[in-house]
Amino acid sequence: TGMGTGTGRLRSLPALPLVGSLLQLAGHPQLHLRLWSLQGRYGSLYGLWMGSHYVVVVNSYQHAREVLLKKGKAFAGRPRTVTTDLLSRGGKDIAFASYSPLWKFQRKLVHAALSMFGEGSVALEKIICQEAASLCETLSAAQDAALDMAPELTRAVTNVVCSLCFNSSYRRGDPEFEAMLEYSQGIVDTVAKESLVDIFPWLQIFPNKDLALLKKCLKVRDELLQQKFTEHKETFCGDTVRDLMDALLQVRLSAENNSPPAAGLELTDDHLLMTVGDIFGAGVETTTTVLKWTVLYLLHYPEVQRKIQEEMDQKIGLARHPHLSDRPLLPYLEATISEVLRIRPVSPLLIPHVSLTDTSIGEYAIPKGARVIINLWSVHHDEKEWDKPEEFNPGRFLDEKGQHIHSPSPSYLPFGAGIRVCLGEVLAKMELFLFLAWVLQRFTLECPPDQPLPSLEGKFGVVLQVQKFRVKARLREAWRAAS
Ligand code: HEM
Ligand code: PLO
């Protein structure tokens, strides 16, 4: 069995006709943990059958890198499923669309629009700081109450993405914002979680509670998106680009002016709409989730919080607000964010990839059309790569002097890698840094005195969700004294 020739036969879970390997998976709602523990019996790379779909599960970083980077193009496909087809109108977005020339073009446009509008733009930093200030106001007003921070964090993050995408924002209690919260939760609860209807598409013909909820939520989302889109098209004037929506309209226009689109290379309105839907949805759900995980870990590890605050007091003080340019000054805060992204990866199984040709992983042959699940949870909890992987320890991301951040292992891929790498990494990191710096400069976050520490167990889905919990945000003495 020569390396890389793909001659070996991959071990597979036992499979029955029609249902495949579901007996081994049924009754385990935390799919990432189940796939992680199956390594004990089948090794780190194994196959299984979900209904009639052959699925390869990757649990080690060597194989993950081979799939994402070395053979990225061979594995750049996405599966079509019932729920993601509904979400993306048959794959007209970026995340759930399979590889095609049109997809490549679309991704390039979004990338250009994001760098034009978001990353590195002073305007964006200002927007984030404004939202951070408003978040701090709300926390101040709720002084010492046991507060569910989730809605406030979500509103802050949503407003950043809203400014970026649509040049608009929401005030507290805005009914449109409440509607958005509700539909987005419904989508996260039902889409792309390897549920039965995605494995057996024929189940659609039967009444299905989840599918009905997804459709209801998508109806609300579609109306909201359509309304923003129509407004933009009506008021769009080629020279001023107000936001990402305008930027997309403009890059489409100039691409068409340079050369009329070749057949099959036309970006329809639906493509733009679904693309904005992706940026908006990913922009809100991922960043909010990481903020919630960070707050939760700070409740469990008050010494980490204290160290972040000491570093801030020393390097920034209390006389001014944190800026993006302070990032190199605050390595411990950066390391804490990195550690949260390791120990609770937002996207524990990434989005499934599909092989576009006959290919191989390690010494094993992989047929065209196989679904490949990269288990990022396994990669981030591999004992061969991480010292006590279960332990929350930001220090592992710092050099000996504690001044620079680096990954102690190549087994770290919170944003994926290669052709399908996350498009929002820069944006997400800007927001995480600024929101946390602003909040921790002023407040100490504590578990309400009469309550047990909330659980660190996540809830598997298209993002790894945090269970609801309450926090006491206490204004720091130092801050009170300084102001
Ligand atoms: C894809 C992580 C924030 C937009 C992904 C993937 C991961 C990921 C693991 C899948 C890669 C794969 O399937 O191989 C994260 C994390 C975030 C974050 C950890 C926050 C800390 C964002 C934000 C945006 C965004 C803020 C919005 C701009 C996307 C898009 C894709 C994607 C559009 C699909 C890329 C493709 O399929 O080609 N992200 N993401 N993400 N992310 Fe993010
Ligand atoms: C989140 C709920 C929204 O209503 C719709 C949506 C769009 C894009 C999805 C996002 C959801 C979840 C996180 C995803 C993102 C695309 C890339 C990102 C899957 C379903 C990640 C982390 O891979």
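See the structure above.
Residues numbered from 1 in each chain as written. Chains lettered and ligands numbered in written order. Predicted model: local features only at pLDDT ≥ 70, side-chain atom pairs only at ≥ 80, totals over all residues. Heavy atoms only, no water.

What about the packing of helix H11 (residues 209–235) against helix H12 (residues 244–258)?
Phase 1: Following both chains from N to C, one finds H11 and H12 inclined at 60°, their axes separated by 10 Å at the closest point. Between H11 and H12, the angle falls in the class oblique. In terms of crossing hand, the pair formed by H11 and H12 is right-handed. On H12, the residues that touch Phe229, His232 and Lys233 of H11 are Met245, Asp246 and Leu249.
Phase 2: By residue class, the composition of the contact of H11 with H12 is three nonpolar, one polar and two charged. (Axes fitted to C-alpha atoms, helices over the stretch in contact; angles between N-to-C directions. Helix = DSSP H or I, 4+ residues; strand = E, 2+ residues; numbered from the N terminus. Parallel < 35°, antiparallel > 145°, perpendicular 65-115°, else oblique. Left-handed = near helix turned anticlockwise from the far one by under 90°. Contact = heavy atoms within 4.5 Å. Nonpolar A, V, L, I, M, F, W, Y, C, P; charged D, E, K, R; others polar.)

Some points on unusual backbone geometry
Phase 1: Backbone geometry at Arg89 places phi at a positive 50°, although glycine is not the residue there.
Phase 2: The topology assignment puts Arg89 in the loop between helix H5 (82–88) and helix H6 (101–117).
Phase 3: Unusually for a residue other than glycine, Leu350 sits at a positive phi of about 45°.

Describing the side chain of Arg420
Phase 1: Secondary-structure assignment places Arg420 in the loop between helix H16 (376–380) and helix H17 (425–442).
Phase 2: Asp93 provides the closest opposite charge to the buried, salt-bridge-free Arg420, at an N-O distance of 7.0 Å.
Phase 3: A polar atom in the side chain of Arg420 sits 3.1 Å from the backbone oxygen of Ala76.
Phase 4: Setting aside residues up to four positions removed in sequence, Arg420 forms contacts with Ala76, Arg78, Ile94, Ala95, Ala97, Ser98, Tyr99, Trp103, Arg107 and His353. (Buried < 20%, exposed > 50% of the residue type's maximum accessible area, 1.4 Å probe, protein only. Lys, Arg positive; Asp, Glu negative; His and termini not counted. Salt bridge = Lys/Arg side-chain N within 4 Å of Asp/Glu carboxyl O. Polar contact = N/O pair within 3.5 Å; in protein donor to acceptor, adjacent residues only side chain to side chain.)

Some words on helix H7 (residues 122–141)
Phase 1: An ideal rise of 1.5 Å per residue puts 28 Å on 20 residues; H7 measures up with 29 Å between its terminal C-alpha atoms.
Phase 2: Taken together, the buried positions of H7 are Leu124, Glu125, Ile127, Ile128, Cys129, Glu131, Ala132, Leu135, Cys136, Thr138 and Leu139. (Expected span 1.5 Å × (residues − 1).)

Brief notes about the packing of helix H15 (residues 331–343) against H17
Phase 1: Where H15 meets H17, the axes come as close as 11 Å, and the angle between the chain directions of the two elements is 120°. Taken together, the axes of H15 and H17 lie oblique to each other. As H15 runs across H17, the sense of the crossing is right-handed. Here Leu333, Glu334 and Ile337 of H15 come into contact with H17, specifically with Leu432, Phe433, Leu436 and Ala437.
Phase 2: In terms of residue class, the contact of H15 with H17 is built from six nonpolar, no polar and one charged.

Brief notes about the site of ligand 2
Phase 1: With respect to spatial proximity, 16 residues lie near ligand 2, and among them Ser184, Ile187, Glu285, Ile351 and Val462 are the closest.
Phase 2: Within the side chain of Ser184, an N or O atom sits 3.1 Å from an oxygen atom of ligand 2.
Phase 3: Starting from 490 Å² of accessible surface for ligand 2 in isolation, the protein chains cover 89%.
Phase 4: Those elements that provide at least two residues to the shell around ligand 2 are helix H9 (175–190) and helix H13 (269–300).
Phase 5: For the shell around ligand 2, the element with the highest residue contribution is H13, accounting for five residues. (Near = heavy atom within 4 Å. Areas by Shrake-Rupley, 256 points an atom, 1.4 Å probe, with all protein chains shown as cover.)

Shape is all these values report; function is a separate question.
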